[in-house]
Amino acid sequence: MFKNYLLIALRNLKRNRIYSLINICGLAIGLAVFIFAAILTQYEKSHDIFFENAARIYTLGSVLSPQANYSVKEFDGVYTAIAPLLEAEATDIEATARIVQDEYLLTLGERGFYQKIKFADKALLKIFDFEYLAGDTSALDDPLGIALTETIAKKYFPAGNAMGKVISLNFHSKIDLRVTAVIRDIPRNSHFISSLIKDNPLEVIASLNALKQMDEFKLEGNWDNITTGDLTYVLLPSHLDGQWLEQQANDVFQRHASDDVKKFISGVKSRRLQDMNLVLWDAVGLPIITVVMGLGLMVLIIAGLNYTNLATAQAMDRAKEVGLRKTLGAKIGQLLIQFLVESVMITFIALLVALAMLEIIIPVFNDRFGKILSLDYFSLLPPLVIITFLIGLIAGAYPAYVITRVKPVDALKESLSKGLKRSLVRSAMIGAQFVFSVFLLAMVAVVTIQNEKIMKSSEIFPKSQIVTLQKTWVGDIPTRHDTLKREITALSGVENMTFSSQVPFIQQNWTFDASKNSGDIAGKVNLNRIMVEYDFLKTYDIPLIAGRDFSQEFANDMEKKESTVLNVIINETALKKLGFKSLHDALNKSFYQIFRDNEDGKKSRAYVIVGVMKDQNFLGLHNSIKPIVLRVHSQYYETASIRIKGKEFSATMREIERIWKKINPDYPIQVEYLDDIFNHMFKIYKSINIALAGFTVMALTLAFIGLFGLAAFMAAGRTKEIGIRKVMGAKTHQIVTLLIWQFSLPVLLALQVALPLSYFASDAYLNFFADRIESPIVMITGSGLVAVILSWLIVLTHAIRVSSRKPIHALRYE
Amino acid sequence: MLKLNNLCKVYQTEEVETTALDNINIDIEKGEFVAIMGPSGCGKSTLLNIIGMLDSPTSGEYHFLGDEIAHANEKQLANIRKKNIGFIFQSFNLIEELTVFENVELALLYNDVPSKERKERVTRVLDKVGIAHRAKHMPSQLSGGQQQRVAVARALVAEPAMILADEPTGNLDRAQGEEVMDMLKKLNEEGSTIIMVTHSPSHADYARRTINLFDGQVVTEMYRAAE
Ligand SMILES: Nc1ncnc2c1ncn2[C@@H]1O[C@H](COP(=O)(O)OP(=O)(O)OP(=O)(O)O)[C@@H](O)[C@H]1O
Ligand SMILES: [Mg+2]
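The rules we used
Residues numbered from 1 in each chain as written. Chains lettered and ligands numbered in written order. Predicted model: local features only at pLDDT ≥ 70, side-chain atom pairs only at ≥ 80, totals over all residues. Heavy atoms only, no water. Core = buried A, V, L, I, M, F, W, Y, C linked by side-chain atoms within 4.5 Å. Buried < 20%, exposed > 50% of the residue type's maximum accessible area, 1.4 Å probe, protein only. Helix = DSSP H or I, 4+ residues; strand = E, 2+ residues; numbered from the N terminus. Contact = heavy atoms within 4.5 Å. Axes fitted to C-alpha atoms, helices over the stretch in contact; angles between N-to-C directions. Parallel < 35°, antiparallel > 145°, perpendicular 65-115°, else oblique. Left-handed = near helix turned anticlockwise from the far one by under 90°. Nonpolar A, V, L, I, M, F, W, Y, C, P; charged D, E, K, R; others polar. Buried area = accessible area lost by both parts, 1.4 Å probe. Salt bridge = Lys/Arg side-chain N within 4 Å of Asp/Glu carboxyl O. Polar contact = N/O pair within 3.5 Å; in protein donor to acceptor, adjacent residues only side chain to side chain. pLDDT = per-residue confidence, 0-100. Pairing = 2+ DSSP bridges. Phe/Tyr/Trp six-rings, centres within 6.5 Å; stacked < 30°, edge-to-face > 60°. Lys NZ or Arg CZ within 6 Å of the ring centre and 35° of its normal. Near = heavy atom within 4 Å. Areas by Shrake-Rupley, 256 points an atom, 1.4 Å probe, with all protein chains shown as cover.

## Here we look at the nonpolar core
Consideration 1: Among the nonpolar cores identified, the biggest contains 114 residues, and I488, L630 and I656 of chain A are the most heavily contacted of them.
Consideration 2: Counting residues per element, this core draws most heavily on helix α2 (residues 17-45) of chain A, at 14 residues.
Consideration 3: Ignoring any residue separated from it by four or fewer positions in sequence, one finds I656 of chain A in contact with L469, I488, L491, V494, I642 and I644 of chain A.
Consideration 4: Grouped together as the second largest cluster of nonpolar side chains are 89 residues, F743 of chain A together with A35, L106 and A207 of chain B included.

Dropping the structure here:
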């Protein structure tokens, strides 16, 4: 009996080749997208599980207080002072380890390398069971011991045998580090590697003791700053959980943090190791896993609706067959089973196609995004088979129900009752499909245009012309800044050059407190300071709206440690924040620094406003514009920005490199293009856009495949009617209008749901940006319009084809 | 009124070629009542469909009111058709979703007749075929004979010069069949040209002229003297 069902199902598939193809393709796309979303989210959620203690490892993060007025909601790390206190006061904790990371210049004989180093408490090697190729967990017992990953060991010691070798680190003074372990490279699905924004892969681990020796790091930590990427790990015994840890950590925080700290950070949060790689998304406040899974599910539902719709339409064609079978004595149950078998069979064929698609897509994706997703059939198949089976049943249930409900007499009559052809349920399904499609389309439009806006805003700086030289503060380079600048600016291809403490698009907040009136602590405001050199404004095309640029002619333009009066340039926001009424009111007036507790004893200092610059978003474009004070201070020249003119870009670059080598033979040149710096910051938003666009293309393709199939079926169902109308003299356009109207009703209703939905979702998204597009309404209505017009076009082509045929075709059809 | 010269219709399917009409030469004058007869499959419906411009011939000439239209396109045909020809089918071909009134109105709707006039004319013609009391019913609520009367009404309402009927009595019982035939006869007397396909010799007797087809060819033509 069952074999019989299968045979009939197969025969039907063959008979309706085109519709079977549409059905299978649609479902396959839906399944592929859904499975992909599931694999991706599973992958992202299961980072680091290969560490033996993974389930017991937690990290501590900081929650920003609302009055901190910061662009993110959380930091991934905590003050370095917390871990030692926590270990001392919550004695149940098994171990804690902190990481402080930075890039340093390492030298090996003649060669020099900039290398990111993670300085860690030695317990790190107890918490994480790295795989040792040489050495063991005691590697950091030696304060100057370092562990290298395999790749780095090969890079520095191509001859092999890195163990025991000495690497010098040049900072304020030179210290010699000794390789005490070589560990296998960390798999890609670890938070140690796959951080989205900062590329800080774990390559070299050194001891915090070394940092203490070279950089006055205090082992008891500090309450001064939290640096992104500097993490605190906690290993708990198995009977305790993250909630307990969070409680303990908050207690410690409340007991020891000063009021100033509490104003900025409201509390501590514990996070499972597995969730660490998503921390960035938490910081932005975007529940990425839910969003991706939601989108995947959405596409699958569209595909399911599509299938149900088409299958129902197709089932109508078989009403006669069903009627006949019934008159021949078939029971409803048997008929139901027959239809469901068919439906389940189609979904399984679609599953096979989907898996084949994924076999192709996943390697490409891995290659492109540096991930290691895999189709693990062993764990994947059981749930997939169940899901597919359910989809087959659910999607097939409605058409099966409708068709088996047909009374034999009706089915055998020449045409079916109209109720079946234009049922409410099917209109509702078309409508639902449309809601999803329009929603996704609108979101893509909004995200794209918002990205465009960020791109445009970034154009205020001549970013494609600017090359930066990083690490110009290292070693004795600063003593030769003047020579470097003189020689580089002498090049014919160089327009300008300037040193500064930071460059645009990098979110680095160095702040100080000041007030308009000297000593007015109650009226103090927090200002960002950026240390610059004389040609800064010129190099970056930053316009002054009042006053003058910095100049060597004025002694007070240059900041010194003991300066009591200093000329500065501020932006409009700072001007307002300080309480000046107008440009005129502010120019050549002063404001005064308010020193913080830990800066006690410093002399007061007056800042004289000699220039006011336009408000520009200097610190990463998703931040609101900060009050900025530019100060000329040669001690902070961390980066040089060179503006290159003319077409001989690469020739000029070669010249610059030659000059650098001549002047700073001991230090490798660190070139970064401002364009790249921007793109790096922009990456996260771009990837949101790409992901959304991907889902949308899929969803739209599905919706339109479905629409096309439906249009074909609906037109077919009305062929006779069309024929009669034509015989009665209806013109092509009249027939076309008739068919289009049938589609328009559900589509128009769907818009009423989709448009407000899109509005709220996109508004929420746009709120991440300080510099946001005003209103997404144009894009949203545009998307609705595009969807409607596209669907009309599809129906139109079909309707024209049907109605321009000779009427006899239509009449003979039944 | 119309003239067919060496008209052929060949159906080309995947394997076989069927010659449905083979060298037909027919001349039909205005005001004639013509019956087309012949065994099943001899090409009667094909001929009628070509005369009615629902289909085009493969070769040969078709002159309608003096114009050669064998090779006219669908748009031109549709224009001539809706001005001049009314159809009655064996299977009625009413639109299920429309009421009796609306079905009949359809023919006027597409002829751009103003709404008020449409109403009058439909009412009048429904009266004429004796189905006015069923104007608001759906076709599925009517018997076969009643449905065919609606179809006749629809064919009449635009007052076409020519009415084509393909086995109009095929699905009706004897009494109903006679009624429809009487209606056609009356229409012919009022001046309409009528061409009708039928299997019934007695119904063919209503016509003045009978054309016998066999295997796509005209075999005999018979004229009945006027009464
Ligand atoms: N669309 C078509 N494709 C192929 N062959 C066709 C087509 N329509 C009709 N024929 C063939 O043309 C021939 C004439 O068909 P037609 O319908 O004109 O016959 P008929 O005389 O009306 O028969 P009946 O009295 O049974 O209605 C038949 O042999 C038929 O098989
Ligand atoms: Mg026939």
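After that view of the structure, there is still more to cover.
## Digging into the packing of helix α3 (residues 82-89) of chain A against helix α7 (residues 242-256) of chain A
Residues and elements named next belong to chain A.
Consideration 1: The contact between α3 and α7 brings their axes to 10 Å, and the two run at 110°. Relative to α7, α3 is oriented roughly perpendicular. Judged by the twist between their axes, the crossing of α3 over α7 is right-handed. Taken together, the residues of α7 that come into contact with α3 (itself represented by I82, L85, L86 and E89) are L245, Q248, A249, V252, F253, R255 and H256.
Consideration 2: When the residues that make up the contact of α3 with α7 are grouped by side-chain class, the tally is seven nonpolar, two polar and two charged.

## Observations concerning helix α1 (residues 44-51) of chain B
Residues and elements named next belong to chain B.
Consideration 1: Where burial is concerned, most of α1 is hidden: seven out of the eight residues are buried.
Consideration 2: Along α1, the residues classified as buried are K44, T46, L47, L48, N49, I50 and I51.
Consideration 3: Count one or two residues on from α1 and you reach M53, which has phi positive near 65°.

## With respect to the packing of helix α23 (residues 719-727) of chain A against helix α24 (residues 732-766) of chain A
Residues and elements named next belong to chain A.
Consideration 1: Where α23 meets α24, the closest approach of the two axes is 10 Å, and the angle between their N-to-C directions is 150°. When the axis of α23 is compared with that of α24, the two are roughly antiparallel. In the packing of α23 onto α24, the handedness of the crossing is right-handed. Facing α23, whose interface residues are E721, I722, R725 and K726, α24 presents I735, L738 and L739.
Consideration 2: Classifying every residue of the contact of α23 with α24 gives four nonpolar, no polar and three charged.

## Examining the interface of chain A and chain B
Consideration 1: On the chain B side, the residues contacting the 20 residues of chain A number 22 residues.
Consideration 2: Both faces considered, chain A and chain B share a buried interface measuring about 2,200 Å² in area, 55% of it formed by carbon and sulfur atoms.
Consideration 3: If you look at where chain A meets chain B, you find zero salt bridges.
Consideration 4: At the junction of chain A and chain B, the tally comes to two residue pairs in polar contact (both at pLDDT 80 or more).
Consideration 5: Taken together, the elements giving at least two residues each to the side of chain A that touches chain B come down to α23 and α26 (807-813) of chain A.
Consideration 6: The leading source of residues in the side of chain A that touches chain B is α23 of chain A, at six residues.
Consideration 7: Tallied by class, residues from the side of chain A that touches chain B come to seven nonpolar, four polar and nine charged.

## A look at the confidence of the model for chain B
Consideration 1: With 99% of its residues at a pLDDT of at least 70, chain B reaches an overall mean of 87.
Consideration 2: Reported confidences for the modelled complex are a pTM of 0.68 and an ipTM of 0.81.

## Considering the pairing of strand β9 (residues 204-207) of chain A
Residue and element names in this part refer to chain A.
Consideration 1: Of the two faces of β9, the one carrying V204 and A206 and the one carrying I205 and S207 are both buried.
Consideration 2: Examined bridge by bridge, strand β4 (residues 111-120) and β9 share four bridges and lie parallel to one another. Following the sheet pairing, F119 is matched in β9 by A206.
Consideration 3: Two strands pair when backbone bridges link them, and strand β6 (residues 145-149) and β9 are joined in this way by three bridges, in the antiparallel orientation. Its bridge partner lying in β9, I146 is registered against A206.

## Notes on the sheet that holds strand β8 (residues 193-197) of chain B
All names here are of chain B.
Consideration 1: Pairing in this open sheet of six strands is mixed, and the strands run β6-β7-β8-β3-β9-β10 from one edge to the other. Edge strands, defined here as strands with exactly one partner in the open sheet, are β6 (85-88) and β10 (217-223). Across the sheet, the axes of successive neighbouring strands diverge by a mean angle of 15°, strand direction being ignored.
Consideration 2: Here strand β7 (residues 162-166) pairs with β8 via five bridges, running parallel. Each residue of the ladder has a partner; that of M162, found in β8, is T193.
Consideration 3: Packing against the sheet, α1 makes contact with β3 (33-37), β6, β7, β8 and β9 (209-214), and its axis sits at approximately 155° to β7.
Consideration 4: Contacting β6 and β7, helix α5 (residues 144-157) runs over the sheet at an angle of about 175° to β6.

## As for the packing of aromatic side chains
Residue and element names in this part refer to chain A.
Consideration 1: One pass over the structure, following the stated rule, counts 26 aromatic pairs over all chains.
Consideration 2: Aromatic pair Y79 and W223: ring centres 5.5 Å apart, planes at 50°, arrangement tilted. Taken together, the residues Y79 in the loop between β2 (74-75) and α3 and W223 in the loop between α6 (208-215) and β10 (232-235) connect sequence positions 144 residues apart.
Consideration 3: For Y79, a relative accessible area of 4% gives the class buried.
Consideration 4: Taken together, a centroid distance of 5.0 Å and an interplanar angle of 85° make the contact between F128 and Y233 edge-to-face. Residue F128 is located in the loop between α4 (124-127) and β5 (132-134), and its partner Y233 is located in strand β10; the two are separated by 105 residues in the primary sequence.
Consideration 5: Here F128 falls in the buried class, since its relative accessible area comes to 0%.
Consideration 6: Here a set of aromatic residues connected by ring pairs shows up, and it is made of F50, F51, F128, F130, F192 and Y233.
Consideration 7: A cation over an aromatic ring shows up here: R529 above the ring of Y636, its NZ or CZ 4.8 Å from the ring centre.

## Brief notes about the site of ligand 1
Consideration 1: Looking at ligand 1, there are 14 residues lining it, with S40, G41, K44, S45 and T46 of chain B nearest.
Consideration 2: Around ligand 1, the nearby residues trace back to chains A and B.
Consideration 3: Within the contact set of ligand 1, an oxygen atom lies 2.5 Å away from a side-chain nitrogen or oxygen of T46 of chain B.
Consideration 4: Against a free-state accessible area of 630 Å², the protein chains account for coverage of 67% of ligand 1.
Consideration 5: Within the residue set of the shell around ligand 1, elements represented by two or more residues are β2 (17-28) and α1 of chain B.

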